[in-house]
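Each chain, letter by letter, is given below.
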Amino acid sequence: MVGPQYDLVGNPLGAVRATFERAAAAAAAAESGGNDPVAAFRGKDWGASDLFRSFLFEEGGLDKVPVLNASSIGLIKPNTLVRYRGMVQDMLGTEFYIGAFKDGSTWRTNKFTDFSPFSMPHPCESHLWERNLFHCVPAPGQNAWTLESSPGPDMRMIADCLATEQREKRKRDIDNDDMDVCLYILLYYCNNSGFKIYYSHLMLCFKQVSENDHGDSSSFSKKPKEDDTLASSSSTEVPATALEMNGGDHHIPGSTFSCLVKVYDMLESQVKLNDVVEFIGVYTFDPELAAPTDNPDDIMLDLMEDVTAQLPPSKVPRLHCLVWKKLSSHDFISKVPVVEPSSSLLKGIRQSLLSHLTLVLGNDELAAQCLLLHLLSRLRNKVDVVTVGRLSLNFTGFDRESASIFGNQLHKLIQRLVPYSQAIPLSIEYLNTATLQPRKDNKSGRLVTGVLQLPQGAHLTFDETTLQTGSLTSKGVENTVLLKSLMESQMVEYDFEYYKLEMATDVQMLTLSEGKSNILPSDLIVPFRPSSVPAVNAGSEEFESWRWYLATVRSLPQSTEPETYQMIQDEMVSAMRDDRSLGCSELSRWLTMAQIMASSFGEKSLSMEHWQMVKELERLRKERLQ
């Protein structure tokens, strides 16, 4: 284990280097015949990641790690441990780097850094390793309540943590140490008073004052010692605002923050495009990356991929990942019940949520029942063009006035229930101008995002009441086709310039329209019949239980006993004899609704009782359609 002199939050690179040097020394002692002691470390961890996992998840260290986002970027010191949650917007392939090299008789590592913290002898014995690059952005449509699940420490804790790091540096000048503590105290109070000030800006100011007072460079400009956290590298200027940092990136329309994540010792297939992931690692900023030199002897620069030039650190921060985890809906829920999700518990929460949905929908119980099934639906399987588990919903009978009342209430409710949601006014102008399709920019090698590049489980609400008479341009027609394909097959077509590639997704789609939507052919069409104006509120504890209920039920497995399946099949055959207009798609929808109905009660197996409940819903729905 690494000794207590290493602060895993304030000086993670010190711990990385210490574990590497000890592992390399142990490997050298075990080797015989002059074999390379670090050759076995390629593509595997030598104990550094295990050390951080133990600290984060067994010793309660996770709450001490600050969250890297647009509001905290100016307050977090480079080369410290941070948490970052984002969607993988682009997969930039593999980057090669000098992972280990021999400095005299000592092996050193460059892992989890952009540049070597030591002077690399040239030539020297070295190893070429690789890491995966992911360009990550905040998940589109991410709702505010999800941020409560990863609050991190407050800014006073960050200042205290980093001040502690400075005190632990035994070779630092005492005046410089006091000055660094003052910097963070000033940062804390200025930013909490409405003034946006950044660590590097204060460093530059103090440096200039020191130079004026003493006539020479202060210790801020000294080369970092081996046990330091490269504080001098972090003292160069960073942008004044988070908008400046990312706003210039034309690949992320409307985004104000993104991050280039470098992941080690992982198969690229373990993380897919549009996955939402939490990365914990070392946040870095190095001036040499912002302004690369043409030094022909710089080995590391020669090995840098061109794609990094498209994402300069002055706009996109780097994070070298030590620990990562894919996020599901459960990971955003701050208060999870300690009891097992029993059927009786789920039934009680179901009734509470259904009652609230009914009130929001103006006491329309049928619409509330169908909305609940819609919110619990998810893509469970896909065979050719047949999707199993989806249940898109179209509420008809809306006009602009009712959409402004019930539609807004409905969207606000959905925002508080699901992690990701967006409301889209489906007008002629929107269809003709919006960039829905993601496309590859082959000049820059980057994927340019579109509206339909979404995380799994996102919810889209379309308001067709804004649609008026007009003409669609070629782009409007293309966007209409994209939306229809998403609705029918849960596929989004990506444009790679010379070819197009369809990618699977899982998006819930709700349409509000006056009549049956022709643009978005939904699975379930329900005429909306409110009898009162919604005026309801629910407490935070209720919403927390409803979120947990939705996430839990959607994750339940579904099955049907052979006897039950045979009885349902017989009823389907009988229904087709009585009504020749019934098709396979409608019968498949009945079965999907019955399976979701069973899950909504916390049951893992479909019963005839749930089947009969769906048949009754269908009877009431068809009465409204007549």
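Cut-offs applied
Residues numbered from 1 in each chain as written. Predicted model: local features only at pLDDT ≥ 70, side-chain atom pairs only at ≥ 80, totals over all residues. Heavy atoms only, no water. Helix = DSSP H or I, 4+ residues; strand = E, 2+ residues; numbered from the N terminus. Buried < 20%, exposed > 50% of the residue type's maximum accessible area, 1.4 Å probe, protein only. Contact = heavy atoms within 4.5 Å. Areas by Shrake-Rupley, 256 points an atom, 1.4 Å probe, with all protein chains shown as cover. Phe/Tyr/Trp six-rings, centres within 6.5 Å; stacked < 30°, edge-to-face > 60°. Polar contact = N/O pair within 3.5 Å; in protein donor to acceptor, adjacent residues only side chain to side chain. 1 Å grid on protein atoms, 1.4 Å probe; cavity = no way out; pocket = protein on both sides within 12 Å on 5 of 7 lines; lining within 4 Å. Points joined across faces, edges and corners; volume = space filled by probe spheres on them. Patch = residues over 30% accessible without salt bridge, like charges linked within 9 Å, V, L, I, M, F, W, Y side chains within 5 Å. Salt bridge = Lys/Arg side-chain N within 4 Å of Asp/Glu carboxyl O. Pairing = 2+ DSSP bridges. Axes fitted to C-alpha atoms, helices over the stretch in contact; angles between N-to-C directions. Core = buried A, V, L, I, M, F, W, Y, C linked by side-chain atoms within 4.5 Å. Domains from an automatic or database assignment.

Enquirer: Just to check I follow, could you spell out the overall build of the protein for this structure?
Expert: Counting its secondary structure elements, the protein contains 17 helices and 19 strands. Counting over 626 residues, the protein shows a buried share of 53%. Taking all contacts inside the protein whose residues are at least 6 apart in sequence as the whole, residues at least 24 apart take part in 78%. In the form shown here, the protein has an accessible surface area of approximately 28100 Å², with 51% of it arising from carbon and sulfur atoms.

Enquirer: I would appreciate a short explanation of the packing of aromatic side chains in the present structure.
Expert: Describing an aromatic ring pair means giving the distance of the ring centres and the angle of the ring planes. If you walk through the whole model with that rule in mind, you get 15 aromatic pairs. Ring geometry for W46 versus W129: centroids 6.3 Å apart, planes at 40 degrees, classification tilted. Within this pair, whereas W46 is found in the loop between α1 (12-30) and α2 (48-58), its partner W129 is found in strand β3 (residues 126-137), the two being separated by 83 residues in sequence. Neither residue differs from the other here; W46 and W129 are each classed as buried.

Enquirer: It is not clear to me how the side chain of N274 should be interpreted in this structure. Could you clarify?
Expert: Summarising the element assignment, N274 is placed in the loop between β4 (259-263) and β5 (276-284). When its relative accessible area of 7% is taken as the criterion, N274 is described as buried. Side chain to side chain, N274 and Y494 meet in a polar contact 3.0 Å long. Once you skip the residues sitting within four places of it in the chain, N274 turns out to touch M87, V88, Q453, L454, P455, Q456 and Y494.

Enquirer: What's the story with the layout of surface pockets in this structure? I'm lost.
Expert: In this approach a probe as big as a water molecule rolls over the atoms, and the regions it shows empty are the leftover space. Computed from the structure, the largest pocket encloses a volume of approximately 650 Å³. Lining of the largest pocket is provided by 25 residues; of these, L327, S328, Q456, G457 and D506 occupy positions nearest its centre. Looking at the lining of the largest pocket, the elements with two or more residues in it are β15 (500-504) and α14 (540-555). Considering every element that reaches the lining of the largest pocket, the biggest residue donor is α14, with three residues.

Enquirer: What should I look at first to understand the environment of G397 in this one?
Expert: Its location among the elements puts G397 in the loop between β9 (393-396) and α11 (400-417). Note on G397: relative accessible area 41%, which makes it partly exposed. Linking G397 and T465, residues 68 residues apart in sequence, is a C-alpha distance of 9.8 Å. Setting aside anything within four residues of it in sequence, one finds G397 in contact with S402, S513 and E514.

Enquirer: Would you mind going over a nonpolar patch on the surface with me for this structure?
Expert: Nonpolar side chains collect at one region of the surface, where V383, V386 and V388 lie side by side and expose about 220 Å² of accessible area between them. Within the secondary structure layout, V388 lies in strand β8 (residues 386-388).

Enquirer: So what exactly am I meant to see when it comes to unusual backbone geometry here?
Expert: Note on backbone geometry: most residues besides glycine have negative phi, and most peptide bonds are trans. Of note, the amide linkage connecting H122 to P123 takes the cis form, showing an omega dihedral of 0 degrees. Take P123: it is sitting in the loop between β2 (106-109) and β3. With a phi close to 70 degrees, F112 is a non-glycine residue in the positive phi region. Position of F112 among the secondary structure elements: in the loop between β2 and β3. Judged by relative accessible area, F112 falls into the buried class, the value being 1%. Positive phi, close to 65 degrees, is recorded for N363, a residue that is not glycine. Tracing the sequence through the fold places N363 in the loop between α9 (343-360) and α10 (365-376).

Enquirer: In this structure, what is going on with the sheet that holds strand β10 (residues 421-425)? I would like to understand it.
Expert: Sheets are built from strands paired through backbone hydrogen bonds, the pairs being either parallel or antiparallel. In spatial order, the strands read β10-β13-β16-β9-β17; together these five strands make up an open sheet with parallel pairing. Edge positions in the sheet fall to β10 and β17 (524-527), since each of these pairs with one other strand and no more. For this sheet, the mean angle separating the axes of adjacent strands, direction not counted, is 15 degrees. As paired elements, β9 and β17 share four bridges and run parallel to each other. Within β17, the residue paired with F395 across the bridge is V526.

Enquirer: How should I be thinking about the nonpolar core in this particular structure?
Expert: Across soluble globular proteins, you tend to see nonpolar side chains buried next to one another. In terms of nonpolar packing, the biggest core is built from 60 residues, with F395, L417 and Y549 touching the most fellow members. Element by element, the count of residues in this core is highest for α10, at nine residues. Of the domains in this structure, domain 3 (343-549) and domain 4 (556-626) are the two that each give at least three residues to this core. Sequence-distant contacts of Y549, defined by excluding residues within four places in its chain, comprise L346, I349, R350, L353, L372, L376 and S600.

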